[in-house]
Amino acid sequence: MAVSSGRSRGGRRPTLEEVAARAGVGRGTVSRVINGSPRVSDATRAAVEAAVAELGYVPNTAARALAANRTDAIALVVPEPETRFFAEPYFSDMLKGVGAELSDTEMQLLLIFAGSDKERRRLAEYLAAHRVDGVLLVSVHADDPLPDLLAQLEIPAVISGPRSARESLASVDSDNFGGGRSAVEHLLARGCREIAHITGRLDVYGAQRRVDGYREALRDAGHAADEQLIEQGDFTEEGGRRAMAALLDRRPGLDAVFAGSDVMAAGARQVLREKGRRIPDDVALVGYDDSAIARHMDPPLTSVRQPIEEMGRRMIDLLLSEIADSRPTVSRGPERRQVVLATKLVERASS
C-alpha cells in the first residue's frame with residue numbers, strides 16, 4: 001500500500017482524530033504511541049503505527065503550540081546549587097516521578113538551577129518571556145522571590161511544599177508534622193528518653209513542621225522538649241556532622257537522635273561512631289525520606305518514608321490542570337489546591 005505524503009484528500013493534513021478512528025482507539029492512545037509511552041500494548045501500538053503510515057500523519061507540534069499560545073514545555077526549577085541536587089536522593093526521586101507522569105504527554109521538561117543571584121536573574125528574564133507553560137518549584141525557602149514572580153507573571157506553578165500555612169500557590173507536600181511525630185513516638189516506645197533532633201533548614205516550612213511533630217510527641221508523652229537537644233542542620237551530610245558534634249558536646253548522655261533527613265543521619269552516624277557510640281545500643285538513630293541511603297547504611301536506618309516519586313507525579317497532575325484551566329497561579333480562598341500525602345515510619349536496625 002502506498003504511503004501518503006502527509007496530506008489527506010483535498011490537501012489537508014490528517015488529524016490525530018483521524019488516526020485514532022483508523023486505528024480504532026482513542027485520541028489519548030494515539031498520543032501515547034507517538035510519544036513512545038510504554039503504557040500501550042504491542043497490538044495497539046502496531047495498529048496506531050499502521051494508521052499513521054497509511055494516513056501519512058505527521059505531528060505538527062509547533063503549529064499547535066503557536067495556535068494555542070503554548071510552548072509545550074514545563075520548567076522544573078531548583079533554587080539550590082547543582083552540587084546539592086546531585087548529592088541528595090530527594091531530588092532524583094522527585095525528578096523520577098515528574099518524568100514518569102510526563103511520559104504520556106507531549107510536554108518537554110526543562111531542568112533549571114537557580115541557586116545563585118546570577119542564575120535567578122537569568123531565570124526571571126527567561127520566565128518573563130513566557131517560554132514555558134508552567135513551572136514546578138522544588139525546595140522553596142520562605143524568603144524565595146520566585147513564587148511571587150510567577151504569580152506576577154501569571155504563569156501556572158506548583159511548589160513542592162508550601163512556604164507557610166498561608167500559602168497561596170498550589171502545592172504538593174507530605175505530612176511532615178505526622179512524620180516527625182511518628183519518629184519520636186517510635187523512639188519513646190523503644191525506651192529512649194533523651195531524644196535529640198537535628199532539624200533541616202528552618203526557613204523551609206517542611207522542616208519547621210517536623211520540629212513541631214517532634215515537640216508534640218514529647219509533650220503528649222509528658223516530656224517537655226529540651227531546647228538543648230535541638231540543633232539546626234541544613235539537609236547536608238556535613239550539616240548532620242556539625243549538628244551531631246554540637247549535640248554531644250552539650251548533652252553527652254543523649255540516647256536517641258531524630259535527623260530531619262537521611263543525608264543528615266548519615267553525617268550524624270559518622271560522628272557517633274567516632275565518639276565510640278554504638279548504634280542502636282548506645283544511641284538509636286532515625287532519619288527522614290527513606291531513601292537508598294537509609295537501606296544501605298550500617299546498620300540499616302529506620303526512616304520516615306515520604307512518597308517523593310508520588311509527590312512528583314501529583315505535582316505534574318496539578319500543574320497540567322492549572323495549565324488546561326488557564327487560571328492564574330494564585331488560587332483564591334477555598335479554591336486553593338494543596339495536596340498533603342501520608343508518611344510512614346519504616347523500622348530498621350538503627351533503632
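Let us look at the structure shown here. Keep in mind it's a predicted model, so treat the numbers as computed, not measured. (Residues numbered from 1 in each chain as written. Predicted model: local features only at pLDDT ≥ 70, side-chain atom pairs only at ≥ 80, totals over all residues. Heavy atoms only, no water.)

Regarding its fold elements, the protein chain presents 14 helices and twelve strands. Carbon and sulfur atoms make up 48% of the accessible area of the protein chain, which totals about 16100 Å². (Helix = DSSP H or I, 4+ residues; strand = E, 2+ residues; numbered from the N terminus. Areas by Shrake-Rupley, 256 points an atom, 1.4 Å probe, with all protein chains shown as cover.)

Nonpolar side chains tend to gather and get buried jointly when the protein is soluble and globular. Among the nonpolar cores identified, the biggest contains 42 residues, and Ile195, Ile198, Met244 and Leu254 are the most heavily contacted of them. Sorting the residues of this core by element identifies helix H9 (176–189), strand S6 (195–199), helix H10 (205–220), helix H11 (237–250), strand S8 (256–259), helix H12 (262–274) and strand S9 (284–289) as the ones contributing at least two each. Element by element, the count of residues in this core is highest for H12, at six residues. Setting aside anything within four residues of it in sequence, one finds Ile195 in contact with Val184, Leu187, Leu188, Tyr214, Leu218, Leu229, Asp255 and Ala256. (Core = buried A, V, L, I, M, F, W, Y, C linked by side-chain atoms within 4.5 Å. Buried < 20%, exposed > 50% of the residue type's maximum accessible area, 1.4 Å probe, protein only. Contact = heavy atoms within 4.5 Å.)

For the rest of this paragraph, the subject is H9. Between its first and last C-alpha atoms H9 spans 20 Å; for 14 residues at 1.5 Å apiece the expected length is 20 Å, and the two agree. Most of H9 sits out of view: ten of its 14 residues are buried. Turning to H9, its buried residues are Asn176, Phe177, Gly178, Gly179, Gly180, Ala183, Val184, His186, Leu187 and Leu188. Among the residues trailing H9, Gly191 stands out with phi positive, at a value near 95°. (Expected span 1.5 Å × (residues − 1).)

As a further point, take the packing of aromatic side chains. A complete count under the given rule lists six aromatic pairs for this structure. Judged by centre distance (5.1 Å) and plane angle (85°), the ring pair of Phe85 and Phe86 falls under edge-to-face. Residue classification places Phe85 among the buried positions, given a relative accessible area of 6%. On the accessibility criterion, Phe86 (61% relative accessible area) is exposed. Relative to Phe113, the ring of Phe85 has its centre 5.2 Å away and its plane inclined at 80°; by these criteria the two rings are edge-to-face. Taken as a pair, Phe85 in helix H5 (residues 82–87) and Phe113 in strand S2 (residues 108–113) lie far apart in primary sequence, 28 residues in all. Grouping aromatic residues by their ring pairs yields a cluster made of Phe85, Phe86, Tyr90, Phe91 and Phe113. Positioned over the ring face of Tyr288 is Arg210, at 3.8 Å from the centre of the ring. (Phe/Tyr/Trp six-rings, centres within 6.5 Å; stacked < 30°, edge-to-face > 60°. Lys NZ or Arg CZ within 6 Å of the ring centre and 35° of its normal.)

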